[in-house]
Amino acid sequence: MKLRILTRNEIDREIADIFIDVVNNKPGSILGLATGSSPLGVYKNLVNAFKEGKVSFKNVKSFNLDEYVGLDGNHDQSYRYFMNTNLFNHIDIDKNNTNVPNGLGNVELNAKQYDKMIEAAGGIDLQILGIGSNGHIAFNEPGTSFNSLTHIVELTQQTRNDNARFFASINEVPTHAITMGLASIMKAKKIVLIATGANKAQAIKTLMDDEPNVELPASILRRHKDCTIFVDQEAASLLKK
Ligand code: GLP
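Residues numbered from 1 in each chain as written. Predicted model: local features only at pLDDT ≥ 70, side-chain atom pairs only at ≥ 80, totals over all residues. Heavy atoms only, no water.

Moving on to the overall build of the protein. What the protein contains, in helices and strands, is seven helices and 10 strands. Taking 2.2 N^0.38 as the reference for a compact globule, 241 residues should give roughly 18 Å; the C-alpha atoms of the protein span a radius of gyration of 17 Å, in line with that estimate. Considering only C-alpha atoms, the protein reaches an extent of 40 × 40 × 35 Å along its principal axes. In the protein, buried positions account for 54% of the 241 residues. Contacts in the protein between residues at least 24 apart in sequence constitute 79% of all its contacts with a sequence separation of at least 6. Counting every atom, the protein has about 10,900 Å² of accessible surface; 48% of that belongs to carbon and sulfur. One way to put it: in the protein the 26 positive side-chain charges average out to a point 5 Å from where the 27 negative ones average out. (Helix = DSSP H or I, 4+ residues; strand = E, 2+ residues; numbered from the N terminus. Rg over C-alpha atoms; globule rule 2.2 N^0.38 Å. Buried < 20%, exposed > 50% of the residue type's maximum accessible area, 1.4 Å probe, protein only. Contact = heavy atoms within 4.5 Å. Areas by Shrake-Rupley, 256 points an atom, 1.4 Å probe, with all protein chains shown as cover. Lys, Arg positive; Asp, Glu negative; His and termini not counted. Charge placed at Lys NZ, Arg CZ, Asp CG, Glu CD.)

Here the phi dihedral of Ala 138 falls at roughly 50°; this positive angle occurs in a residue that is not glycine. With respect to the helices, strands and loops of the structure, Ala 138 is situated in the loop between β6 (126–129) and β7 (151–154).

So, on to the pattern of salt bridges. Tallied over the full model, the rule gives nine salt bridges. Of the charged contacts in the structure, one is a salt bridge between Lys 205 and Asp 209, with a shortest N-O distance of 2.9 Å. With Lys 205 and Asp 209 both in helix α7 (residues 201–209) and four residues apart, the pair spans about one turn of that helix. Given a relative accessible area of 27%, Lys 205 falls into the partly exposed group. Here the salt bridges do not stand alone but share partners, grouping Lys 26, Asp 125 and Lys 189 into one network. (Salt bridge = Lys/Arg side-chain N within 4 Å of Asp/Glu carboxyl O.)

Further remarks concern the site of the ligand. The local shell around the ligand holds 13 residues, among which Ser 37, Ser 38, Asp 66, His 136 and Lys 200 are the closest. A distance of 2.8 Å separates a nitrogen atom of the ligand from a polar side-chain atom of Asp 66. The contact in question runs from an oxygen atom of the ligand to an N or O atom on the backbone of Ile 131, over 3.4 Å. When isolated, the ligand has an accessible area of 390 Å², and the protein chains bury 93% of it. Across the shell around the ligand, the residue classes tally to four nonpolar, six polar and three charged. (Near = heavy atom within 4 Å. Polar contact = N/O pair within 3.5 Å; in protein donor to acceptor, adjacent residues only side chain to side chain. Nonpolar A, V, L, I, M, F, W, Y, C, P; charged D, E, K, R; others polar.)

The next subject is the nonpolar core. Core analysis: the biggest nonpolar cluster contains 63 residues, and Tyr 43, Ile 128 and Leu 221 have the highest contact counts within it. Apart from residues lying up to four places away in sequence, Tyr 43 is in contact with Leu 33, Ala 34, Phe 82, Met 83, Asn 86, Leu 87 and Ile 128. Judged by nonpolar contacts, the second largest core, of 11 residues, contains Leu 155, Ala 164, Phe 167 and Ala 177. (Core = buried A, V, L, I, M, F, W, Y, C linked by side-chain atoms within 4.5 Å.)

Every buried residue belonging to helix α3 (residues 79–86) is among Tyr 79, Arg 80, Phe 82, Met 83 and Asn 84, and all of these are buried. Buried residues in α3 make contact with β2 (30–33), α2 (40–51), β3 (61–64), β4 (66–68), β5 (98–99) and α5 (157–163).

Structure follows, in structure tokens:
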């Protein structure tokens, strides 16, 4: 696992360039995408690169990490809506080739099928991740098995509080989510993780200092052979110099 300490703008540019390289080298790439504020700048850069003719997503397939249970894709806090409005609507990707876990209907079955769909597509070439303040990746909360595949989770109070700012009130934040598991994420050929801001500093310190431990889900990434953690100065503030 590599660590890069950069400014927010540099992180957004570097990771967008990694995406562009991967897609230009393999136009039928399978991209693993994330929601949250962390990847937003990368997505903006990708939209700009597409508009400038530097990359096409025509043959790309994508798989998102997670979705709230109970929200349909038209709900403005659903992750499907987030992906459409922040990326898919502005590039030439075929929406039929974009996948977000389905948080409606038989969610257990949807979860079971998701890893099979990723595998059938050929596996994820490049996965982007954010990190929760408690060290979660996707919605894999502390304590999640390192062997987990896509599954349904009950969100912790901390995660619901962190995400409450996007909803009218905490009561409207869903209690459950469908998420790719830690083993599903580890299958990606290449992984980049973004952590910016002081509220990620403790998670980043534990990630860099300690051995992999289920109490910090992101720590499984230490076992990945091509994973880079991109942090800004604030998120790096508790690291030993
Ligand atoms: C949510 C998402 C995660 C994301 C995390 C951090 O809980 N499920 O995938 O990494 O929030 O969000 P942000 O990037 O807004 O800090």
